[in-house]
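Below are the chains, spelled out letter by letter.
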Amino acid sequence: MCKMVTAGKDVTGCCLSLIRLKRVSLVDTLEGRIDALLDVLLSREVFNRDDREDVLCQPGPRARVRKVLDILECKGEEAVNTFLSVVDQPETPSSAVGKSKDQPPSLGYNQIKQKHREVLRRRSESMLYYNTRHGEKILFSDQYVNLLLVNGHQGLDIKRHEVLAYGRKRLSLQQKSAEHRRITPDQLFSTANGARPVKKILVTGVAGIGKTILVQKLLLDFGNNKESLGFDFIIHMTFRDLNLVNKPVNLRELVLRKNRHLAKELDNILANDDKLLIIFDGFDEFRHYRRCDVDAFVCEPDDYGEVEEVFTSLMLGELLPNTAIILTSRPTAIGHIPVGCVDRFVLIAGFSLDEIQDFFCRYFQDEGLAEQLFRVVRENELMLTLCYIPAFCYIICCILKESKDFAGDNPRTMTDIYVQYLVALLRTHTQERAKASGAVQGTCGGEQLSDAVLQLARLAFFKLMDQQTLFYASDKDVAPLEGCPLASTFLDKMVAQEPGGTEDVYSFAHLTVQEFFAAVYCAMTDQPLPDVLQQDSSAGEDTLKGHLDLFSRFLSGILSERNTKLLARQVGLSCDEGKAEAFRQRTVSNLNNLCEKGTHILNSLHCLFEQQDPSLGQEVRAQALRLNVSDEALSPMDYNAIKYFLNATAGDLSELDLTGTDVSYEALRDLMPHLLKCKQLWVGENALDMDTIQVIAEVLQQSDCFTHLGIGWTDIGDEELLVLSNAIRQKKVLKELWMEGNRVTCRGLLSLSDLTPHPLSKVVAIWNDVTDAEVRSLSAPGDCGGASLTVDFSEDAVWAAWGSWVLTRCSVSSDEKLLTVLHKVCKISTHRLETGGWAHAFYRDLGRLVRSRAEQCTEEDVRKRLETFEGVLSW
Ligand SMILES: Nc1ncnc2c1ncn2[C@@H]1O[C@H](COP(=O)(O)OP(=O)(O)OP(=O)(O)O)[C@@H](O)[C@H]1O
């Protein structure tokens, strides 16, 4: 490799700049032979003994090479010239210093390896549920259910709440399962032929989907010698634990914090970095997660840095470049991960129907009972949707264990389930306390119970507002919970090792549980609503979309009449009626506002749904009902909320925006009565098959008010357009048809000729299968479309804005979706793209995006297709 450094160059006169230029690769190349190199430099009198000492004082081989380079810079051209001639010489076996890499592992190394496996096995063999009783041992292997893992790149700007995004993602994943490749835990590091090795893996998935459990599975299999994934050692770190590090630290100390048994062999373990896997769990819980864009790195295991610097240095390969890393995170935080270095993106998609059933069997350990209760859940769409998330599956099993069915207070909304969950656990808790103290039930009842719940809820609320999920025992908000047995039912506790002793650190088992308790506090006390919910929706749209989404849904559900009554009866909590009424009025005014402006409205629809009060919907009196629910795959729960709103509100639907929602035939058919009253329907960026097109055609045939239709990027061809044009001909009310990026040919467009310019005053059909000659004839006045038909890139200003919109979308889409877009946009013939026009910049930027995606892509066939397009785009 040193040959490469100087090959083909006349080194005289440029040696100094050469070593500056090649500094990083020199460090990589020479770290394994630094000691031998020093000897040679000494013997050639380039270095003196003091220089040598200076170098040897540096911690670790990489730092030593850097020091050599620094000293050489001071010594000037001649010294550097000699140095380069030395490094160009082939390495003699004796000079190779990567000792531990080349030598067979020592006995000590192998013994520690086995011991470490035993430690990991011991630590991972029990399943720890948040409410596991002290001393209770539930075997992990008895409870573990297979998780669906898929290779996948995820958009980095997922801001929506994970739990809710989950149902949508899950369903769309299922639909597209053929396109995605399933992987199993043992395939995480496997590579397709010829692909570069997978070293850094990012595992994402929403709250409660099983990221930590997957990590536990990897550790247990490793501990049991079942699956080593090719590693000698796995080091497990959680960000919860790393949060406790509050001063500069080095990697060695971080490893030893929880693994003192590795101390003796740690040098060898770190030297064998290609046999080492480090797992970092729960990046979203890292309190410094916004600060990982560091510019200071640590390069040696003994170098000190802030904890985020050590982490980022490992991720970017500045530190232990050959070490494999698995990083888990909820999607909300991945925008802060240096994803450029990630070799593989893995998404945990949770349970499918079979796994839910398997979970029930394992949980109830009685086949008959499990089957009976599974049937109850399967018949309840909402419940079933939630069960795809293992954590919910667990919560629902807890509820069922208590009540055996959902009869009586049948849960209809997400809040209902959480309220029942709270009640179920409180009941167990009070009964157990009564049993333990030998007293009658109610020891912790009445006031005492509601006070304890409010204490917990207070903690949840204030920490949520500060976006905190970890609470130290020394915190003044935590202190009142000391000794409260209720807290241990709902809070996770861990003991943090601190220099002066230990400290307890608490968290709710899941963020959703914290959000629920926070909403209980806000509803049941005189705490004013948080500012973001107070704001007029015109100012607060953005914030309302963010981290308080689920909190506001819970708040709405808790303030509903049925839940306030239930909580009063079961928990002794009462809420101020004025507050409930104020919240309801705010919900109505938010809905009015969002409808009139056509801003994203889904969360407010869920708030309304949570209330389950038909009269509330009737109060919505927006001047125009513009419903924008675009850009995320919608789940059955979302459709429930949309339909609920549309059924409850009177008035015609001005606009329904279902762009990029994975809308299906069933969903559109279900919405049919509302579509007949809709003026503008946007269903672009969904794969629309003929059945779905038929539903739209039916609406066109029957509706007297349907004036605008958007079906861009829906993969439709002439046949589908023919069905639509026949339907338009029936009522002749459609004015605008947007159908860019499809497979329509000139023949298809000609089917619209008698419909333009009346009723169709605008047809946008760029990026379809139309040749240049056809474009000219179609655009000619008097022909098929004339002025009302746009098939070409004529108006620069309009399409420049369009291009940047498409680019933004491409940058957050999956590789598969990117390929679909590329397939369309690369059909444009180049001579129509006038030099200097917007299209050049557009294709250049698109080319860059494709190149970076191809570099990161681990699926060979997808990568090859991306590379083909890269070639096309670099004409
Ligand atoms: N594969 C599984 N088999 C059985 N139970 C599971 C499995 N995965 C998850 N669970 C259940 O779901 C709960 C939550 O899982 P886990 O803590 O791994 O989620 P997570 O994705 O790490 O969530 P968060 O993002 O909130 O940290 C577990 O405590 C367990 O009860």
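Caption draft 1: Up close: the packing of aromatic side chains. Scanning the model with the defined rule gives 29 aromatic pairs in all. When the centroid spacing of 6.4 Å and the interplanar angle of 75° are considered together, the rings of Phe286 and Phe311 count as edge-to-face. Of this pair, Phe286 sits in the loop between strand E5 (276-281) and helix H16 (307-315) while Phe311 is found in helix H16, placing the two residues 25 residues apart along the sequence. On the basis of relative accessible area, Phe286 is assigned to the buried category, the value being 1%. Residues Phe360 and Phe364 carry aromatic rings whose centres are separated by 5.9 Å and whose planes lie at 50° to one another, so their mutual orientation is tilted.

Caption draft 2: Molecular detail of the site of the ligand. Val145, Gly208, Lys211, Ile213 and Arg330 are the nearest of the 20 residues found near the ligand. One of the side-chain nitrogen or oxygen atoms of Thr212 is found 2.9 Å away from an oxygen atom of the ligand. Between the ligand and Ile213 there is a distance of 2.8 Å, counted from an oxygen atom to a backbone nitrogen or oxygen. Relative to its free-state accessible area of 630 Å², the ligand is covered by the protein chains to the extent of 91%. Those elements that provide at least two residues to the shell around the ligand are helix H12 (211-223) and helix H20 (390-403).

Caption draft 3: Geometry of the packing of helix H5 (residues 49-56) against helix H6 (residues 61-75). Put simply, H5 and H6 touch, their axes get as near as 8 Å, and they point 145° apart. Here H5 runs over H6; the crossing is right-handed. The residues of H6 that touch H5, namely those facing Asp51, Asp54, Val55 and Leu56, are Arg64, Lys67, Val68, Ile71 and Lys75. Looking at the contact of H5 with H6 residue by residue, the class counts come to four nonpolar, no polar and five charged.

Caption draft 4: Representation of the pairing of strand E6 (residues 324-329) within the structure. Burial runs high along E6: six of the six residues are buried. One ladder, built from five bridges, connects strand E3 (residues 200-204) with E6; its direction is parallel. For Val203, the partnering residue across the bridge sits in E6 and is Thr328. Where E5 meets E6, four bridges bridge the pair, whose relative direction is parallel. If you follow Phe280 over to E6, its bridge partner there is Leu327. Handedness of the crossover is the feature at issue here: the chain leaves E5, passes through H16, returns alongside E6, and the resulting connection is right-handed.

Caption draft 5: Quick peek at the pattern of salt bridges. Taken as a whole and assessed by the stated rule, the structure comprises 31 salt bridges. With a closest N to O distance of 3.5 Å, Arg121 and Glu125 form a salt bridge. Taking relative accessible area as the criterion, Arg121 reaches 28% and is therefore assigned partly exposed. The residue Asp845 makes a salt bridge to Arg844 at a minimum N-O spacing of 3.3 Å. One network of salt bridges, with partners in common, ties together Lys217, Asp221 and Lys226.

Caption draft 6: Main features of the sheet that holds strand E16 (residues 762-764). Here seven strands make up an open sheet; going across it, the order is E11-E12-E13-E14-E15-E16-E17 and the pairing parallel. Looking at which strands have only one partner, the edges of the open sheet turn out to be strand E11 (625-628) and strand E17 (789-790). Sheet analysis places strand E14 (residues 708-710) next to strand E15 (residues 736-738), joined by three bridges and oriented parallel. Looking at E15, one finds that His708 is bridged to Glu736.

Caption draft 7: Broad picture of the packing of helix H29 (residues 577-597) against helix H30 (residues 602-611). Where H29 meets H30, the closest approach of the two axes is 10 Å, and the angle between their N-to-C directions is 145°. Between H29 and H30 lies a crossing whose hand is left-handed. Mapping the contact onto sequence places Phe583, Arg584, Thr587, Asn590, Leu591 and Leu594 in H29 and Ser604, Leu605, Cys607, Leu608 and Gln611 in H30. Across the contact of H29 with H30, the residue classes tally to six nonpolar, four polar and one charged.

Caption draft 8: Inspection of H30 at higher detail. Taking burial as the measure, the ten residues of H30 include ten buried ones, the bulk of the element. Those residues of H30 not exposed but buried are Leu602, Asn603, Ser604, Leu605, His606, Cys607, Leu608, Phe609, Glu610 and Gln611. One or two positions beyond H30, positive phi appears at Gln612, with a value near 50°.

Caption draft 9: Broad picture of the side chain of Glu355. Relative to the helices and strands, Glu355 is located in helix H17 (residues 353-364). Excluding its chain neighbours within four sequence positions, the residues that come into contact with Glu355 are Val145 and Asn146.

Caption draft 10: Just the sheet that holds E6, in detail. Within the open sheet, the seven strands sit side by side as E2-E1-E7-E3-E6-E5-E4. Their pairing is mixed. Edge positions in the open sheet fall to strand E2 (182-183) and strand E4 (233-238), since each of these has one partner strand only. Here H12 sits on the sheet and contacts strand E1 (148-151), E3, E4, E5, E6 and strand E7 (344-350); the angle it forms with E5, its principal contact strand, is near 155°.

Caption draft 11: Molecular detail of helix H7 (residues 77-87). Every buried residue belonging to H7 is among Ala79, Val80, Phe83, Leu84, Val86 and Val87, and all of these are buried. Seen end-on, H7 carries its buried residues on one side only, within an arc spanning 155°.

Caption draft 12: The pairing of E11, seen in detail. By the bridge criterion, four bridges tie E11 to strand E12 (residues 653-657) in an arrangement that is parallel. Its bridge partner being in E12, Leu625 is matched across the sheet by Leu653. With helix H32 (residues 636-648) bridging E11 and the parallel E12, this β-α-β connection has right-handed handedness.

Caption draft 13: Looking closely at the environment of Ala800. Turning to its location among the elements, Ala800 is positioned in helix H39 (residues 796-811). On the accessibility criterion, Ala800 (34% relative accessible area) is partly exposed. C-alpha of Ala800 to C-alpha of Phe842: the two residues are 42 residues apart in sequence and 7.9 Å apart in space.

Caption draft 14: Structural context of the nonpolar core. Of all hydrophobic cores here, the largest spans 109 residues; its most connected members are Phe189, Phe360 and Phe517. With eleven residues, helix H24 (residues 511-524) is the single largest residue contributor to this core. The residues touching Phe189, leaving out its near neighbours within four places in the chain, are Val198, Lys199, Ile201, Leu229, Phe231, Leu277, Ala324, Ile326 and Arg344.

Caption draft 15: Representation of unusual backbone geometry. Cis geometry marks the peptide bond from Thr756 to Pro757, where omega comes out at -5°. One can find Pro757 in the loop between helix H37 (746-750) and E16. Its identity is not glycine, yet Asp662 carries a phi of approximately 60°, on the positive side. One non-glycine residue, Glu685, lies in positive phi territory at about 60°. Take Glu685: it is sitting in the loop between strand E13 (678-682) and helix H35 (690-702).

Caption draft 16: Here's a closer look at the environment of Leu807. When you line up the elements, Leu807 lands in helix H39. Measuring from C-alpha to C-alpha, the distance between Leu807 and Tyr843 comes to 9.5 Å, with 36 residues separating the pair along the chain.

Caption draft 17: Just the confidence of the model for the protein chain, in detail. Of all residues in the protein chain, 79% have pLDDT values of 70 or greater, and the mean over the chain is 79. Across residues 153-179, where pLDDT falls below 50, the model places 82 contacts with residues more than four positions away in sequence or in other chains. Between residues 433-445, whose pLDDT stays under 50, and residues either more than four places distant or in other chains, the model counts 14 contacts.

Cut-off values and rules
- Residues numbered from 1 in each chain as written.
- Predicted model: local features only at pLDDT ≥ 70, side-chain atom pairs only at ≥ 80, totals over all residues.
- Heavy atoms only, no water.
- Phe/Tyr/Trp six-rings, centres within 6.5 Å; stacked < 30°, edge-to-face > 60°.
- Helix = DSSP H or I, 4+ residues; strand = E, 2+ residues; numbered from the N terminus.
- Buried < 20%, exposed > 50% of the residue type's maximum accessible area, 1.4 Å probe, protein only.
- Near = heavy atom within 4 Å.
- Polar contact = N/O pair within 3.5 Å; in protein donor to acceptor, adjacent residues only side chain to side chain.
- Areas by Shrake-Rupley, 256 points an atom, 1.4 Å probe, with all protein chains shown as cover.
- Axes fitted to C-alpha atoms, helices over the stretch in contact; angles between N-to-C directions.
- Left-handed = near helix turned anticlockwise from the far one by under 90°.
- Contact = heavy atoms within 4.5 Å.
- Nonpolar A, V, L, I, M, F, W, Y, C, P; charged D, E, K, R; others polar.
- Pairing = 2+ DSSP bridges.
- Right-handed = clockwise from strand over helix to strand, strands pointing away.
- Salt bridge = Lys/Arg side-chain N within 4 Å of Asp/Glu carboxyl O.
- Arc of directions from axis to C-beta.
- Core = buried A, V, L, I, M, F, W, Y, C linked by side-chain atoms within 4.5 Å.
- pLDDT = per-residue confidence, 0-100.

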